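These are the residues of each chain, in order.
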Amino acid sequence: MTNSRINFAKSAPKAFKALIGFDAAARAGLDPALVELVQIRASQLNRCAYCLHMHTSDARKAGESEERLHMVAVWHEATSFFSEKEQAALALTEAVTLIPGGVPDDVYARAAGQFGEEELAQLLALIFTINTWNRIAITTAKVPGTDERVAR
């Protein structure tokens, strides 16, 4: 089956380049392992196989354990695998990604208690960007296992 959907990067190069810049800015100052955990969890929730494959591969290359990667989807039940800070980030990722009527005050407060104001803003920006990337990949029917990123 041939993909008859647009190539977003080629069809909207200015928007794509701006998103790459936003993504890079969002990551600045955040722990790379935390970045991957957030991107993995959002991709799981959004059912974005393309991004999930990409970010689990990136996490492995960065030294993340298979054990923790398998536990991301069930982190609520596997809290011993993740630090308090990672748990707060994963909870915020879920609340922002699913946004079922707003981000609950307790979830926001938990994250604010683990991250300084600037780092929390970076985390939110990261969550916003992965949700955008997920939507692009899903809408344009990106094929998992075909990492088409421009070198970051």
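None of the values given here were measured: they were computed from a predicted structure.

What follows concerns the overall build of the chain. When its secondary structure is counted, the chain shows eight helices and zero strands. Going from the N terminus to the C terminus, the chain shows its helices and strands as α-α-α-α-α-α-α-α. For the chain, the C-alpha radius of gyration of 15 Å lies close to 15 Å, the compact-globule estimate for 152 residues. Of all 152 residues assigned to the chain, the portion counted as buried reaches 40%. Counting contacts in the chain only where the partners sit at least 6 residues apart, residues at least 24 apart contribute 68% of the total. Just so you have it, the chain exposes about 8,400 Å², and 58% of that area is on carbon and sulfur atoms. Distance between charge centres in the chain, computed from 16 positive and 18 negative side chains, equals 12 Å.

This part is about the nonpolar core. Counting residues in each nonpolar core, the largest one holds 28 residues, and the members touching the most others are Val38, Leu92, Phe115, Leu120 and Leu123. Contributing elements (two or more residues each) for this core: helix H3 (32–45), helix H6 (84–98), helix H7 (105–114) and helix H8 (117–139). The element that contributes the greatest number of residues to this core is H6, accounting for seven residues. With residues near it in sequence (within four places) discarded, Leu92 still touches Val103, Val107, Ala111, Leu120, Leu123, Leu124 and Ile127. Counting eleven residues, the second largest nonpolar core, distinct from the first, contains Phe16, Leu19, Met54 and Trp133.

This paragraph deals with the environment of Met54. Along the chain, Met54 falls in helix H4 (residues 49–61). Separated by 78 residues in the primary sequence, Met54 and Thr132 have C-alpha atoms spaced 15 Å apart.

It is worth spelling out the environment of Leu90 at this point. Considering the arrangement of structural elements, one finds Leu90 in helix H6. Residue Leu90 is classed as buried on the basis of its relative accessible area of 0%. As for Leu90 and Gly21, which are separated by 69 residues in sequence, their C-alpha atoms are 23 Å apart. When residues no more than four places from it in sequence are discounted, the contact partners of Leu90 are Leu37, Arg41, Trp75 and Phe82.

The next point concerns the side chain of Thr56. Positionally, Thr56 belongs in helix H4. Within the structure, Thr56 has its side chain in polar contact with the backbone oxygen of Leu52 (distance 2.8 Å). Those residues within four positions of Thr56 in sequence are excluded, and the remaining contacts are Ile40 and Leu69.

This part takes up the packing of aromatic side chains. In total, this model carries two aromatic pairs according to the counting rule given. Each ring, one from Phe8 and one from Phe16, has its centre 6.4 Å from the other, and the planes form 65°; the classification is edge-to-face. Exposure remark for Phe8: the relative accessible area of 22% places this residue in the partly exposed category. Ring centres 5.4 Å apart and planes at 75° place the aromatic pair Phe16 and Trp133 in the edge-to-face group. Of this pair, Phe16 sits in helix H2 (residues 13–27) while Trp133 is found in helix H8, placing the two residues 117 residues apart along the sequence. Taking the relative accessible area as the measure of exposure, Phe16 reaches 17% and is therefore buried. Counting every residue linked through ring pairs, the aromatic cluster contains Phe8, Phe16 and Trp133.

The next thing to look at is unusual backbone geometry. The phi torsion of most residues other than glycine is negative, and most of the peptide bonds are trans. In the Ramachandran plot, Arg47 falls in the positive-phi region, its phi being about 60° despite a non-glycine side chain. Although it is not a glycine, Ile99 sits at a positive phi angle of roughly 35°. The topology assignment puts Ile99 in the loop between H6 and H7.

Rules behind the numbers
Residues numbered from 1 in each chain as written. Predicted model: local features only at pLDDT ≥ 70, side-chain atom pairs only at ≥ 80, totals over all residues. Heavy atoms only, no water. Helix = DSSP H or I, 4+ residues; strand = E, 2+ residues; numbered from the N terminus. Rg over C-alpha atoms; globule rule 2.2 N^0.38 Å. Buried < 20%, exposed > 50% of the residue type's maximum accessible area, 1.4 Å probe, protein only. Contact = heavy atoms within 4.5 Å. Areas by Shrake-Rupley, 256 points an atom, 1.4 Å probe, with all protein chains shown as cover. Lys, Arg positive; Asp, Glu negative; His and termini not counted. Charge placed at Lys NZ, Arg CZ, Asp CG, Glu CD. Core = buried A, V, L, I, M, F, W, Y, C linked by side-chain atoms within 4.5 Å. Polar contact = N/O pair within 3.5 Å; in protein donor to acceptor, adjacent residues only side chain to side chain. Phe/Tyr/Trp six-rings, centres within 6.5 Å; stacked < 30°, edge-to-face > 60°.

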